[in-house]
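Fold and contact review
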Amino acid sequence: MNEIIFMVEEDMEGGYVARALGADIFSEADDLESLKEQIKDAVRCHFDPQDLPRIIRLHIVKDEVVTL
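Now for a quick tour of the structure.

Conventions used here
Residues numbered from 1 in each chain as written. Predicted model: local features only at pLDDT ≥ 70, side-chain atom pairs only at ≥ 80, totals over all residues. Heavy atoms only, no water. Core = buried A, V, L, I, M, F, W, Y, C linked by side-chain atoms within 4.5 Å. Buried < 20%, exposed > 50% of the residue type's maximum accessible area, 1.4 Å probe, protein only. Helix = DSSP H or I, 4+ residues; strand = E, 2+ residues; numbered from the N terminus. Contact = heavy atoms within 4.5 Å. Pairing = 2+ DSSP bridges. Axes fitted to C-alpha atoms, helices over the stretch in contact; angles between N-to-C directions. Salt bridge = Lys/Arg side-chain N within 4 Å of Asp/Glu carboxyl O.

All right, on to the nonpolar core then. Ile-4, Phe-6, Ile-25 and Val-43 are the most contacted members of the largest nonpolar core, which totals 13 residues. Elements represented by at least two residues in this core include exactly strand 1 (3–10), strand 2 (16–21) and helix 1 (32–46). The element that contributes the greatest number of residues to this core is helix 1, accounting for four residues. Every residue in contact with Ile-4, bar those within four places of it in the chain, is listed here: Ala-20, Ala-23, Ile-25, Val-43, Phe-47, Pro-53, Ile-55, Ile-56 and Arg-57.

So, about the sheet that holds strand 3 (residues 26–29). Read across the open sheet, the four strands follow the order 3-2-1-4; overall the sheet is mixed. Where the open sheet ends on each side, the last strands, each with one partner, are strand 3 and strand 4 (55–61). Adjacent strand axes in the sheet meet at a mean angle of 25°, parallel and antiparallel pairs treated alike. In terms of strand pairing, strand 1 meets strand 2 through six bridges, oriented antiparallel. From the neighbouring strand, Glu-10 faces strand 2, where its bridge partner is Tyr-16. The sheet contacts of helix 1 involve strand 1, strand 2, strand 3 and strand 4, and relative to strand 3 the element is tilted by about 155°.

A separate point is the environment of Asp-11. Its location among the elements puts Asp-11 in the loop between strand 1 and strand 2. For Asp-11, a relative accessible area of 29% translates into the label partly exposed. Distance in space between the C-alpha atoms of Asp-11 and Glu-28 is 8.7 Å, their sequence separation being 17 residues. Setting aside chain neighbours within four positions, we find Asp-11 in contact with Tyr-16 and Val-17.

As enumerated under the stated definition, the model contains five salt bridges in all. One salt bridge in this structure joins Glu-3 and Arg-57, with 2.7 Å as the shortest N-O distance. Of the two residues, Glu-3 is situated in strand 1 and Arg-57 in strand 4; the sequence distance between them amounts to 54 residues.

The quantities given are spatial measurements derived from coordinates; they are silent on function.
Here's what the structure looks like:
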């Protein structure tokens, strides 16, 4: 695998959650910098060293509500 993509969302209770697309990897943290480190650790634990993806892509989703 050359690349793995995570969908990152703000948690309703604070912080951020990240879910990998196409792999069973989940991580959470209080801020984005901590989340990046948590994701790297989770990816290292999930894959064998020879199968580690070269790129970790974060797709950050932010919901906003606009009222009239």
